[in-house]
Structure formats: structure tokens, C-alpha cells
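Each chain, written out:
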Amino acid sequence: MSPVLQAPREPRRLRSLRWRLPLLFSALVVIMLGTFIWATRQAVERSLVRSGFYRADAAGKQLSGILAPAVRARAQEHARLQSDSALRTALRTRAPQALASARKVLMREVTLQASRSELWDPRGNLLLAVSVPRPDPGLGVLEFPEGKAPKGPEPGEMEASGNSNYHSVVLEIHDDAAHGGALLGYVRRFGQFVFTPKGAIQRLVGDSATIKVGSVATNVWTDFDDIVPAPPQLVSQPDHGEYQDSDGRHWIGSSVSLAGTPWTAWIGFPRSMIVEPARPFMNQMVLLALLFTAGGAGLVVLLGVRMTRPLRALSTAVEQMAAGDYTRRVAAHDRDEIGRLGSAFNSMTAQIENASTQLRKSHRQTHFALAAARIGVWESDLSTCAIRCSESM
């Protein structure tokens, strides 16, 4: 009796190469493209941040160049005051006429940036005080501290008065301006760091920049209009770099010392604004990566179907051969490894079929010969001592 052929079982989808191959390829593509996009994004952001550093540094140098004429004029004013003979005469004699001449000198040197000047003797007595109202009403009223006698030269650190900034520079007046000599007294000049018209410096440097000028020693900073918080971590960081403020926002900035003053200018840009141009590019990269992954997965599905079709046919033939069907053959037209495997399988199946046919033929011949000769055949089982005989016996 021939054995019953069983239908081959369909493999589970996740166990089939038709599905595992596309999934594996898609996973590899996603990993590779994800790594590539991440590395590209990091490189682009580093390049943009570096450009932001250069931009902030260039803006700082531009601001220093804009303020350089005012700083030079300030230094020249100080030199004139220290060498003025009328001031030295007033400090020596304290005569009314000499003090009147000194008042004219101080009045001549009063400007928008230095709107109050004082003349002090070495013992801390105030001899003269000259001030003028500020010409721009929009600047508001600025109150300077009074009654503080100078004890030596002061560079003019920035201080705060309400929501306005001011600085006071103390100059020493000596008997001999060229070679020093005895100390005759001091000239104190109060002023404010302003730039008119309002917003002009911002437009020159760039509307997107954040500009702050101040003193690191006093931690007083201004944006040319109001008192503002100090730049993020300026003291503990290098002159330029990436900073994080107290609110967690990241900035790209650069600081530059204003020559001839104790002030520092800081120009910063929000990091999000600097890297913003990279976002459309990265979004396009992600979209292209998704399209590439989807197209590659579809292509691999087609290739997987074409590659696994001969393997599925070969697997079905092997299962049917195991069930006793030696007549099944597979197509073996290709010259690749799968084609050679099919040819070898067909050759093996043909040999097995031929051997099976010969075995069945020999079995039938032996059975026929025994039946025709009426020769009895007996068989004994040693384990049970049972004996079975053929019908001929």
C-alpha cells in the first residue's frame, strides 16, 4: 500500500525569507540612514555655530570700531583736563576768579556722555560742581550720587542709577602735568553710556543681535537704553563660545574689550536662530530617507519573491518526496547557485525514484517466485519464541 501524501505546511510569514529579507534590509537601511542624517545634522550645526562665532566676533569688532572715535575723544578730554592750567591755579589758590575760570573749563568739557563734573582738593573738599540738563528729554532724569570724595584715580566702571547706567571717572591733577609733581586735587566726571538716536547701534550691528555693554567688575550692563541682565556666564567662559543663560536658552556670543575703557561689549545670537537655516535641509533629508527606505523595501520585496520562489518550490518538492512522491521535479533553468541546487535535487530524485522502482520490482518478482514454487517460508521471533509460517506450509 502506497503511503498517503500530505499537503506541505505553509510557513509562517515571519519565518519566510520573503518577509524576513525585506524587514532585515529595511532595518539596516533605517539604521544607516539614521546614523548618516544624525552625523550630517551634527556637522551642519557645528558649521553654522562656527559661522555664528565668526559673525558675533565680527559684530564685536564692528561695534568697537563704531565706539572708537568716542573713546578717543574721551581720552583727549581727560588729557586736556589734566594739563589745564586754570584747574591747577584754582586748586592752588582757590581764589574766586580762579574758580570762575575753572568753572568755564569744566563747563566747556561737559557733554552728553559727561553731564556732571566736580573739582575736589586732596583733603576731600568739593570746590566746584558743574552740570547741564540732558538735551534729549527721552533719556529721562539721571541722578548722580553726591558727597563721595575721591581717594584716587578711578577708571570709570559702569554703575546703575534706577534703570539707567552711569560711570564716574576720577582724574588726578598734579602740579606739573608733564612730569608729575605734587598732587593738587581731583576732577570727577559723571556720565552715561548712550548712543543716539535710539536703536541706531542695533541697526548698524544687526537687528537679530543682542548687544550688551558693561563692566565685569560691577556686573552692570546696558543695551544702550536700559539696564539689562549680565550676559550668560561671561566671566567663567572664554571670550567667545556657546553659552547657556539662567532660563536654559543657548546663545552664541563673543565679547570684546573696549580699548581705553574698563567696559566690555558682548554680542550674542540665539543658537536656535543660528541653526534655523539647517532645519528645512534636515527635513528634506528625513523625507528623502523615508522615500528611499520605502522604495528600497519595495524593491527588496520584489527581489525576495523572485529569489525565494525557487526555494519555495524546492521546499515543497522535498516535503512531497518525504511523503513518498518521487516523481516531483523542480525548474532548474538558471545557472546560479539556486539553479545548480535544483539540478542536483532533480538528479537525486531521479536516482531515488529509479532505486525505489527497482526495489518494488525485485520485491514483486521474489514474491511471485515463492508463491509459484510452493516453498514454505517460516519466521521466528526469538524475543517471544513465536513462529510464523507462510501459506505454503
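Peer 1: Help me get a handle on the overall build of the chain, residues and values and all.
Peer 2: Summing up its helical and strand segments, the chain has seven helices and 13 strands in all. Counting all 393 residues of the chain, 33% fall into the buried class. The long-range share in the chain, meaning contacts at least 24 apart out of those at least 6 apart in sequence, stands at 56%. Surface accessibility of the chain: about 24200 Å² in total, with carbon and sulfur atoms responsible for 58%.

Peer 1: Any details on unusual backbone geometry? Residues and values, ideally.
Peer 2: Of note in the backbone geometry, Arg 94 takes a positive phi value of approximately 60° without being a glycine. The residue Arg 94 is located in the loop between helix H2 (85-93) and helix H3 (96-109) in this model. Take Arg 94: its relative accessible area is 32%, and that puts it in the partly exposed class. The phi dihedral of Asn 219 falls on the positive side, at around 60°, and the residue is not glycine. Within the secondary structure, Asn 219 is located in the loop between strand S6 (210-215) and strand S7 (220-222).

Peer 1: Account for the side chain of Ser 168, naming residues and giving values.
Peer 2: On the secondary structure map, Ser 168 appears in strand S4 (residues 164-176). Not counting chain neighbours up to four residues away, the residues in contact with Ser 168 comprise Glu 154, Gly 156, Glu 157, Arg 188, Arg 189 and Phe 190.

Peer 1: Could you give an account of the nonpolar core, with specific residues and numbers?
Peer 2: Within the largest apolar cluster, 21 residues are counted, with the highest numbers of intra-cluster contacts made by Leu 63, Phe 193, Val 213 and Ile 267. Counting only elements with at least two residues in this core, the list comes to helix H1 (17-83), S6, strand S11 (264-270) and helix H5 (271-275). The biggest single contributor to this core is H1, with six residues. Ala 98, Leu 106, Leu 119 and Val 187 belong to the second largest nonpolar core, which has 17 residues in total.

Peer 1: So, the packing of aromatic side chains: which residues are in play, and what are the values?
Peer 2: All told, the structure shown has two aromatic pairs when counted by the stated rule. For the ring pair Tyr 166 and Phe 190, a centre distance of 6.3 Å and an interplane angle of 45° mean the geometry is tilted. Within this pair, whereas Tyr 166 is found in strand S4, its partner Phe 190 is found in strand S5 (residues 180-191), the two being separated by 24 residues in sequence. Judged on exposure class, the residue Tyr 166 and its partner Phe 190 are both buried. With a centroid separation of 6.3 Å and an interplanar angle of 65°, the aromatic rings of Trp 251 and Trp 266 are classed as edge-to-face. With Trp 251 in strand S10 (residues 250-257) and Trp 266 in strand S11, this pair connects stretches of sequence that are 15 residues apart.

Peer 1: Summarise the side chain of Arg 88; cite the residues concerned and give the values.
Peer 2: Turning to its location among the elements, Arg 88 is positioned in helix H2. In this structure, Arg 88 is buried with no salt-bridge partner, the nearest side chain bearing the opposite charge being Asp 175 at 5.2 Å. Engagement of the side chain of Arg 88 in a polar contact is seen with the backbone oxygen of Ser 83, the distance being 3.2 Å. At a separation of 3.4 Å, a polar atom in the side chain of Arg 88 contacts the main-chain carbonyl oxygen of Asp 175.

Peer 1: Can you explain the pairing of S4? Please cite residues and give values.
Peer 2: Looking at chain direction, strand S3 (residues 158-161) and S4 are connected through four bridges and run antiparallel. By the bridge assignment, Ala 160 is partnered in S4 with Asn 165.

Peer 1: Mind laying out the environment of Val 318, listing which residues take part and the relevant values?
Peer 2: Summarising the element assignment, Val 318 is placed in helix H6 (residues 278-322). Between the alpha carbons of Val 318 and Val 330 there is a distance of 9.9 Å; along the sequence they are twelve residues apart.

Peer 1: So what about the pattern of salt bridges? Which residues, and what values?
Peer 2: Under the counting rule described, the total for this entry stands at ten salt bridges. Across the pair Arg 279 and Glu 276 runs a salt bridge, and its minimum N-O distance is 3.1 Å. A single salt-bridge network, built from bridges that share partners, covers Arg 41, Glu 45 and Arg 271.

Peer 1: How would you sum up a nonpolar patch on the surface? Please name residues and give values.
Peer 2: On the surface, a nonpolar cluster with roughly 360 Å² of combined accessible area is contributed by Leu 21, Leu 299, Leu 303 and Met 307. Top contributing element to the nonpolar patch by residue count: H6, with three residues. Here Leu 299 shows up in helix H6.

Peer 1: Tell me about H2, and name the residues and values.
Peer 2: Side chains that are three or four residues apart share a direction in an α-helix, a result of its 3.6 residues per turn. Buried residues of H2: Leu 87, Arg 88, Ala 90 and Leu 91, and no others. Projected down its long axis, H2 shows its buried positions confined to an angular sector of 160°, all on one face. Immediately beyond the C-terminal end of H2, within one or two residues, lies Arg 94, with a positive phi of roughly 60°.

Peer 1: Describe the environment of Gly 248, and please don't skip the residues or the numbers.
Peer 2: Along the chain, Gly 248 falls in the loop between strand S9 (240-244) and S10. Exposure remark for Gly 248: the relative accessible area of 34% places this residue in the partly exposed category.

The rules behind these values
- Residues numbered from 1 in each chain as written.
- Predicted model: local features only at pLDDT ≥ 70, side-chain atom pairs only at ≥ 80, totals over all residues.
- Heavy atoms only, no water.
- Helix = DSSP H or I, 4+ residues; strand = E, 2+ residues; numbered from the N terminus.
- Buried < 20%, exposed > 50% of the residue type's maximum accessible area, 1.4 Å probe, protein only.
- Contact = heavy atoms within 4.5 Å.
- Areas by Shrake-Rupley, 256 points an atom, 1.4 Å probe, with all protein chains shown as cover.
- Core = buried A, V, L, I, M, F, W, Y, C linked by side-chain atoms within 4.5 Å.
- Phe/Tyr/Trp six-rings, centres within 6.5 Å; stacked < 30°, edge-to-face > 60°.
- Lys, Arg positive; Asp, Glu negative; His and termini not counted.
- Salt bridge = Lys/Arg side-chain N within 4 Å of Asp/Glu carboxyl O.
- Polar contact = N/O pair within 3.5 Å; in protein donor to acceptor, adjacent residues only side chain to side chain.
- Pairing = 2+ DSSP bridges.
- Patch = residues over 30% accessible without salt bridge, like charges linked within 9 Å, V, L, I, M, F, W, Y side chains within 5 Å.
- Arc of directions from axis to C-beta.

Read these as layout, nothing more, since geometry by itself doesn't imply function.
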